[in-house]
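Here is how the chains run, residue by residue.
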Amino acid sequence: MSDGPASGAGLTEPAPAKVNLYLHVVGKRADGYHLLDSLVGFVAVADRLHLEPGSAAPGLTVSGPFAAAVPDDDGNLAWRAVARLAAHAGRPADIAVHLDKQLPVAAGLGGGSADAAAVLRALVRLWDFDPGDPELAAIAEALGADVPVCLAGGSRFVGGIGEDLAPGPPLAGLAVVLANPGVPLATRDVFRARTGAFSSPGRFAADPAAGPQDLIERLAALRNDLTAPAVTLCPPIGDVLAALAAAPGCRLARMSGSGPSCFGLFADAAAAARAAEGLAAAEPGWWVRAGHFL
Ligand code: ATP
């Protein structure tokens, strides 16, 4: 691992945190994959990818507070994205990729998927690749269930195992606090611990004229079905949810993905910033960030 990005010409692409505003488990395929229905948005708290094409020293370097938690070889999703697109495009993978790992890992924020999607976005530009090429969507899907939505960005209802995308309601600007108790939690274990019936889809008609209060009321009627098994495996999630919900100005507190990261939606940016400061001071072992939806 190096201490920072390589110098020279290149392209820097953010890999923003993915938040599941609700997540219903609606079924299970014969191959064991769960079918989900979720509203996904992206927050301006991000990993950063720097790509230098035509590098004499191709490969991956990683820095940042969570660098030690991710592979720095071809097991990293960021590098796998380079390898897959290069193979498809019939080009050498002569790219130096630097990943500044700012997002916690195995956290329910889709960090690895966001990194892979950021690499694909950057390579589309660097290689003048057709963004509408169906093979790009196929590569995204093969890299991971959350990669297609991370590649699309914006507000999306997500169905199937992650490949079925539809536009979601406006989220841009909505103030949010992300909080993680500092314990990794494997997605696989949470799905395995889930019991009970499947939910109905929670997807609602997005009314572009409706304000954030209407959106929050709709979201409050929905759930994250993985919260109960995640809290059983990782009780500190309950403390994070309680602390967010108790913060002044918090309108909705919920777990994202399979946890353990949680988010709170706030009345405004100032309330979110105050809440993040308070939580970080009270719980120095937690990772806490204020931000807004993109
Ligand atoms: P999701 O919300 O999709 O469940 P997550 O936030 O729980 O995702 P990630 O942070 O993407 O999970 O990490 C999942 C696993 O992928 C980790 O065990 C990690 O070792 C591996 N991994 C490979 N590449 C990366 C990467 N670039 N960033 C993070 N994790 C990576």
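With reference to specific residues and values, describe the site of the ligand.
Around the ligand, a shell composed of 21 residues is seen, among which Lys18, Asn76, Gly112, Asp115 and Asp146 lie nearest. A distance of 3.0 Å separates an oxygen atom of the ligand from a polar atom in the backbone of glycine 108. Threonine 187 is positioned with one of its side-chain polar atoms (N or O) 3.0 Å from an oxygen atom of the ligand. For the ligand, the protein covers 79% of the area, taking 610 Å² as the surface of the free molecule. Most atoms of the ligand, that is more than half of them, are within 2 Å of grid points of the largest pocket.

Any details on helix H2 (residues 111–126)? Residues and values, ideally.
End to end, H2 covers 22 Å across 16 residues, agreeing with the expected 22 Å (1.5 Å per residue, within 8%). Most of H2 sits inside the fold, with 12 of its 16 residues counted as buried. On its buried face, H2 is in contact with strand E1 (11–28), strand E2 (34–52), helix H1 (77–89), strand E4 (96–100), helix H3 (134–143) and helix H4 (147–152).

Describe in detail the sheet that holds strand E7 (residues 175–180), supporting the description with residues and values.
Spatial strand order, E8-E9-E7-E10: 4 strands in an open sheet with antiparallel pairing. Two strands lie at the open edges of the sheet, namely strand E8 (250–255) and strand E10 (287–292), each paired on one side alone. With strand direction ignored, the average angle separating the axes of adjacent strands in the sheet is 20 degrees. Here 5 bridges tie E7 to strand E9 (residues 262–266), and the two strands are oriented antiparallel to one another. Across the sheet, leucine 178 pairs through a bridge with phenylalanine 263, a residue of E9. Against the sheet, helix H6 (residues 212–220) engages E8 and E9, with an angle of about 40 degrees to E8.

Give me the lowdown on helix H8 (residues 236–246), citing residues and values where you can.
Within the span of H8, buried status applies to Ile237, Val240, Leu241 and Leu244. Taken end-on, H8 shows its buried residues confined to a sector of 95 degrees, consistent with a single buried face.

Just give me the short version of unusual backbone geometry, but keep the residues and values in it.
In the segment running from glycine 259 into proline 260, the intervening peptide bond is cis, with an omega of 0 degrees. Take proline 260: it is sitting in the loop between E8 and E9. Despite not being glycine, alanine 106 has its phi angle at roughly 50 degrees, a positive value. Mapped onto the elements of the fold, alanine 106 is located in the loop between E4 and H2. In this structure alanine 106 comes out as partly exposed when scored by relative accessible area, which is 40%. Its identity as a non-glycine residue notwithstanding, aspartate 128 has a phi of 55 degrees, on the positive side. Within the secondary structure, aspartate 128 is located in the loop between H2 and H3.

Rules behind the numbers
Residues numbered from 1 in each chain as written. Predicted model: local features only at pLDDT ≥ 70, side-chain atom pairs only at ≥ 80, totals over all residues. Heavy atoms only, no water. Near = heavy atom within 4 Å. Polar contact = N/O pair within 3.5 Å; in protein donor to acceptor, adjacent residues only side chain to side chain. Areas by Shrake-Rupley, 256 points an atom, 1.4 Å probe, with all protein chains shown as cover. 1 Å grid on protein atoms, 1.4 Å probe; cavity = no way out; pocket = protein on both sides within 12 Å on 5 of 7 lines; lining within 4 Å. Sits in = over half its atoms within 2 Å of the grid points. Helix = DSSP H or I, 4+ residues; strand = E, 2+ residues; numbered from the N terminus. Expected span 1.5 Å × (residues − 1). Buried < 20%, exposed > 50% of the residue type's maximum accessible area, 1.4 Å probe, protein only. Contact = heavy atoms within 4.5 Å. Pairing = 2+ DSSP bridges. Axes fitted to C-alpha atoms, helices over the stretch in contact; angles between N-to-C directions. Arc of directions from axis to C-beta.

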